[in-house]
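Structural overview
Listed here are the chains, written in short residue letters.
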Amino acid sequence: MNIDEAVPKLQFWNSLDEHECLGRNTMGLCPMKNLLLDARADGRAAGAFNVGSMEMLMGVVAAAERTNTPIVLQIAEKRLGHSPLYLMGPMMVQAARNAKVDMAVQFDHGVSVGLIRQAVELGFTSIMFDGSGLPVRENVRRTAELAAWLADKGVNLEAEIGVLGGNEGGSERRAVYTDPEEAALMAEKSGCDALAVAIGNAHGHYKGKPKLNFAVLEEIRARTDVPLVLHGGSGIPAEDFTTAIRMGVSKINIATVNFDATAIGAREYLRRQEEPDYFGMNEAIVDSVRKATIEHIKIFSNEGDVSL
Ligand SMILES: [Zn+2]
């Protein structure tokens, strides 16, 4: 007897309810733009949390579900050496589908055409194209081309104009504030769904207290209506988040806080525990990331303790 006779596979598979296999009946995966517009209408910002492992992903999802708040799950191209897209991507998309709240899944700081295409094929609902290293007109031209290609596929696009300071997983970069005129040009010509701006925010750990230039943010807001994105959220004081949200920021990216929470969660667990125990460490990491994410979600939803 061959296998086809033994298992009437089409009937068998057809009899399974796809959604029941996934554990719930409604799908949480949604477009990024919708989250941002909803957040703006509510006077809050959507938190966008970068992940690099299953534990980080589980902690972030648990935080969103605990607070009943939609979020964006992200992974940055520069982190793929540690966390490959072909492994992380399907996990992130599946986590969003299974989530009890809406979640967008975004490929963060995409520069490589092949990887952007791979993220789209994996089911990501948004791409952030980082053309900030290009001359402005070239950045606008390439962003517009990508936005049109993505729009055909129902995928959103976040653009960046200006140069963020700090460390994007490589060398240090000197910050250049976003020029409000260039922001307006990008928003108008590219058709992007969201725009990342540089107003003194930086990636990685801030050296000293971050100093956001709200005058620049105000000028950008006056010239364009596109939802604005603040990268480098780790380390910005809660009151500055609140001001930025009031002045038109609709998405805030958090990465470093949760990478630190992962390492700290593991370190503290291993200090307490002499015998190696992966499962206990796994739970400690998930919990550490969950707590850090909840703190930020509350601030972005204007429910926060401003002591952060
Ligand atoms: Zn960023």
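The following refers to the structure shown. (Residues numbered from 1 in each chain as written. Predicted model: local features only at pLDDT ≥ 70, side-chain atom pairs only at ≥ 80, totals over all residues.)

Turning our eyes to something else, we now look at the nonpolar core. Counting residues in hydrophobic clusters, the biggest one holds 84 residues, and the most contacted among them are Val60, Leu73, Met103, Ile127, Leu195 and Val197. Per-element accounting of this core gives the leading share, 9 residues, to helix α13 (residues 278-300). If sequence neighbours within four positions are ignored, Ile127 has contacts with Gln106, Phe107, Gly110, Ile116, Ala119, Leu150, Val155 and Leu157. (Core = buried A, V, L, I, M, F, W, Y, C linked by C-beta atoms within 7 Å. Buried ≥ 20, exposed ≤ 12 C-beta atoms within 10 Å, placed from the backbone. Helix = DSSP H or I, 4+ residues; strand = E, 2+ residues; numbered from the N terminus. Contact = placed C-beta atoms within 7 Å.)

Now for unusual backbone geometry. Phi is positive for Asn68, which is not a glycine, with a value near 55 degrees. C-beta crowding within 10 Å serves as the criterion here: with 10 such atoms nearby, Asn68 is assigned to the exposed category.

Now for the environment of Ile75. Its place among the elements puts Ile75 in strand β2 (residues 71-76). Spatially, the C-alpha atom of Ile75 lies 6.8 Å from that of Gly52, the residues being 23 residues apart in sequence. When near neighbours in sequence (up to four residues on either side) are disregarded, Ile75 contacts Asn50, Val51, Ser83, Leu85, Met88, Met92, Phe107 and Asp108.

Turning to the pairing of strand β5 (residues 156-161), a few remarks are in order. Buried residues dominate β5, accounting for 6 of its 6 residues. Neither face of β5 is left uncovered, since the one carrying Asn156, Glu158 and Glu160 and the one carrying Leu157, Ala159 and Ile161 both have all their residues buried. Taken together, strand β4 (residues 126-129), helix α8 (residues 136-152) and β5 form a β-α-β motif whose crossover is right-handed. Examined bridge by bridge, β5 and strand β8 (residues 194-197) share 4 bridges and lie parallel to one another. Directly across from Glu160, in β8, lies its bridge partner Ala196. (Right-handed = clockwise from strand over helix to strand, strands pointing away. Pairing = 2+ DSSP bridges.)

To continue, consider the packing of helix α9 (residues 180-190) against helix α10 (residues 214-223). One way to put it is that α9 packs onto α10 with a least axis distance of 8 Å and a crossing angle of 35 degrees. In the crossing of α9 with α10, the sense of the turn from one axis to the other is right-handed. Contacts from Pro180, Glu181, Ala183 and Ala184 in α9 reach Val216, Glu219, Ile220 and Arg223 in α10. When its residues are assigned to classes, the contact of α9 with α10 shows 5 nonpolar, no polar and 3 charged. (Axes fitted to C-alpha atoms, helices over the stretch in contact; angles between N-to-C directions. Left-handed = near helix turned anticlockwise from the far one by under 90°. Nonpolar A, V, L, I, M, F, W, Y, C, P; charged D, E, K, R; others polar.)

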